[in-house]
Amino acid sequence: FTEVDKLRETLCEGMETFEQRQEDVISRHEVLRRIENVIEKLVVSVSEGEAPELRMMNRFTWSNVKFQETDGLVLKEDVSEVVLRCDSPSTAPKFALTLKLLSIVYKLVQSDSYATKRDIYYNDPQLFGSQITLDSIVDDITCMLKVPRRSLHVLSTSKGIISGDLCYLEEDGTKVDCSSSCAAVPVSSNVNGIKNIVSSAKFLLIVEKDATFQRLLDDDFCTRLSPCIIITGKGVPDVNSRLMVRKLRDTLQIPVFALVDSDPYGIEIMCIYKYGSRSMAFEAQNLTVPSVLWLGLLPSDIQRYRVPEDSILPFSKADERKLNSLKSRSYITTQPAWHKEIETMQTLKQKAEIQALASIAPHFLTRVYLPNKLRYGGWI
């Protein structure tokens, strides 16, 4: 695949002159100090007869983020905050849970031990109420302390899986071989601890859904086509899947392609890998991969490959709203080719899943569509 090789050479040249951003190393002592500063302010408030409060960034408003081509969605300098007061019925429960989790994190960092979010939740499920609540508070604390989440010594169980020409060592020395053609390997829960990465892959392919990923495995895609790596976050990607894509891109300096459904939600998932997300903008420099290229399924491919009508789905009102939201985002306007494809989708008011290609021929995706895309540079 000469076009892929040319693309890789271009990326390598660009990375030679590009100052790679290394993740800030924050010592355990510094993390402890920042937690102590938070608690100290609460103690001072109580001593002065005031109701203690916690201030943290509002992670769910677009007004707090801006777009940068080098990093994707990042925080603005001045951001709006959410105030958690212990004397307010609406915020007191979250105030208490945040303090509880801060105490757990402090003990973990102090003892240099680790725990998964799932472990923490099941130690007291009645207290936290739901795993989602705990996960959100962990991210709030990360943002409040301005440290990478793994600096809290809290790990998350990965939902993503990976396969292909890749071997590496986990932090504890366990060797991981992803080259089995019939099974995938779960993405590591401690991506930053991975070392000794060995691969001759020509490219990395992000696959939106598990079903498509399994189809590629069944057809022995990684060895039949070219040495490559495939990864899926099984829909909206978790942090570990995004970290893995970023680490492999930085280490191997290979092109990263995305294979997603031709619908607004598929495009948004691809944008999360490429530009990041609003709620995790505070950690964009470690998570985003702005060089991600859209390989398929392009809206224009639906007509180009004459996908059968019975495999094409009509637009819903939710699809319209999501597409309009995407069009209004600043990062789409910097991608004329992407914008054109989105306009095509909106004009035709049609969407199709990757599996729709199977209606043309059972192995059309792996033996015709993807090989041709890679051979002739059919990405944007």
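For the structure itself, look to the data block above.
Bear in mind the structure is a predicted one, so any value in this text is a computation, not a measurement.

Analysis parameters
- Residues numbered from 1 in each chain as written.
- Predicted model: local features only at pLDDT ≥ 70, side-chain atom pairs only at ≥ 80, totals over all residues.
- Heavy atoms only, no water.
- Salt bridge = Lys/Arg side-chain N within 4 Å of Asp/Glu carboxyl O.
- Helix = DSSP H or I, 4+ residues; strand = E, 2+ residues; numbered from the N terminus.
- Buried < 20%, exposed > 50% of the residue type's maximum accessible area, 1.4 Å probe, protein only.
- Arc of directions from axis to C-beta.
- Contact = heavy atoms within 4.5 Å.
- Pairing = 2+ DSSP bridges.
- Axes fitted to C-alpha atoms, helices over the stretch in contact; angles between N-to-C directions.

Participant: Looking at this structure, how should I read the pattern of salt bridges?
Facilitator: Charged atoms that come close allow side chains of opposite charge to pair. A full pass over the atoms with the stated rule returns 27 salt bridges. With a closest N to O distance of 2.9 Å, E268 and K322 form a salt bridge. In this pair, E268 is assigned in helix α10 (residues 264-275) and K322 in helix α13 (residues 317-327), connecting sequence segments 54 residues apart. Judged by its relative accessible area of 18%, E268 falls in the buried class. In this structure, a network of salt bridges that share partners links the residues E53, R55, E81, R85 and D87.

Participant: Looking at this model, I keep getting lost on α13. Mind explaining?
Facilitator: Listing the buried residues of α13 in full gives D319, E320, K322, L323 and L326. Mapping the buried residues of α13 onto a view down its axis gives an arc of 170°, with all of them on the same face. Turned more than 90 degrees from where α13 packs its buried face, K317 and R321 sit exposed. On its buried face, α13 sits against α10, β16 (313-314), α14 (330-333), α15 (336-348) and β17 (350-351).

Participant: Where do I start with the sheet that holds strand β8 (residues 167-169) in this structure?
Facilitator: Where strands meet in a sheet, backbone hydrogen bonds hold them as pairs that are either parallel or antiparallel. With respect to topology, three strands assemble into an open sheet ordered β9-β8-β11, the strand pairing being antiparallel. Because the sheet does not close on itself, it has two edges, and the strands there are β9 (175-177) and β11 (195-198). Looking at each pair of strands side by side, their axes are set apart by 10° on average, direction ignored. When β8 meets β11, the two strands line up antiparallel, connected through two bridges.

It is worth stressing that arrangement in space is one thing and function is another; only the former is reported here.
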